[in-house]
Amino acid sequence: GDSVTQMEGPVTLSEEAFLTINCTYTATGYPSLFWYVQYPGEGLQLLLKATKADDKGSNKGFEATYRKETTSFHLEKGSVQVSDSAVYFCALSGQNYGGSQGNLIFGKGTKLSVKP
Amino acid sequence: DAGITQSPRHKVTETGTPVTLRCHQTENHRYMYWYRQDPGHGLRLIHYSYGVKDTDKGEVSDGYSVSRSKTEDFLLTLESATSSQTSVYFCATAPQQGTNQPQHFGDGTRLSIL
């Protein structure tokens with residue numbers, strides 16, 4: 001079945017460092033890909049998305065490119081801030097999962113801590 | 001976000017008792033979802049609804065039931081709670097079906113079963 005694998009955390013960086021969180025997926029058909037962010041004590045918020053191969057999603061300085069050839073959707077940011085400290089989830093929306101389009105499959109999450 | 005309110009936000013109860021969690025949305029979204037979040041597992045889908053009185057099972061539906069009698073409310077019931085159901089539960093909504101539709105999440109309910 002469809003699945004998402006993302007790098008294990010936690011990840012600890014200094015402020016202004018470069019961030020990469022790896023995400024790879026397995027899916028039939030042509031899924032859409034998402035990154036969600038969860039701040040402490042809150043629900044998940046959509047960070048960015050890409051719906052077809054070679055699309056680049058971007059938001060708040062974060063970027064991710066949908067790479068069909070490597071089945072990847074790595075999250076990057078050039079200069080992280082303390083306020084970026086959160087848990088980041090990669091997810092896909094497949095065509096066949098659960099018998100319904102639109103159901104999300106999540107990776108396990110990567111906790112990012114940014115130190116001043 | 002999408003006007004999603006989960007209640008209660010925290011609950012502690014004992015094994016064997018029934019528990020109902022409520023999700024209320026004000027955006028008139030057709031699709032609603034219940035997930036559980038556990039360390040090392042990310043979020044896993046319990047049940048979802050694609051309209052009033054229309055529901056289906058997700059990946060981890062055993063021990064859970066749901067009901068949706070109104071567009072705005074989606075209830076998750078644990079008929080006889082077990083310690084393995086200690087988790088953080090999230091409700092989500094989406095306006096329409098489709099693989100490119102993001103879901104909007106509530107702030108979660110932390111449930112502890114002793």
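Refer to the structure printed above.
Given the structure is predicted, the values throughout are model-derived calculations rather than measurements. (Residues numbered from 1 in each chain as written. Chains lettered and ligands numbered in written order. Predicted model: local features only at pLDDT ≥ 70, side-chain atom pairs only at ≥ 80, totals over all residues. Heavy atoms only, no water.)

Of regular secondary structure, chain B possesses zero helices and eleven strands. Reading the helices (α) and strands (β) of chain B from amino to carboxyl end gives β-β-β-β-β-β-β-β-β-β-β. At 13 Å, chain B has a C-alpha radius of gyration in line with the 13 Å of a compact globule built from 114 residues. Seen through its principal axes, chain B has C-alpha atoms that stretch 40 × 30 × 25 Å. (Helix = DSSP H or I, 4+ residues; strand = E, 2+ residues; numbered from the N terminus. Rg over C-alpha atoms; globule rule 2.2 N^0.38 Å.)

What follows covers the pattern of salt bridges. Side chains that differ in charge, positive against negative, can pair when their charged atoms come close. Under the definition given, this model contains seven salt bridges over all chains. Here the salt bridges do not stand alone but share partners, grouping B:Arg22, B:Lys70 and B:Asp73 into one network. (Salt bridge = Lys/Arg side-chain N within 4 Å of Asp/Glu carboxyl O.)

As a further point, take the packing of aromatic side chains. Here the distance between the centres and the angle between the planes together describe a pair of aromatic rings. All names here are of chain B. Applying the stated rule across the entire model yields 14 aromatic pairs over all chains. For the ring pair tyrosine 48 and tyrosine 50, a centre distance of 6.3 Å and an interplane angle of 45 degrees mean the geometry is tilted. For tyrosine 48, a relative accessible area of 2% translates into the label buried. Classification of tyrosine 50 by relative accessible area gives partly exposed; the value is 32%. (Phe/Tyr/Trp six-rings, centres within 6.5 Å; stacked < 30°, edge-to-face > 60°. Buried < 20%, exposed > 50% of the residue type's maximum accessible area, 1.4 Å probe, protein only.)

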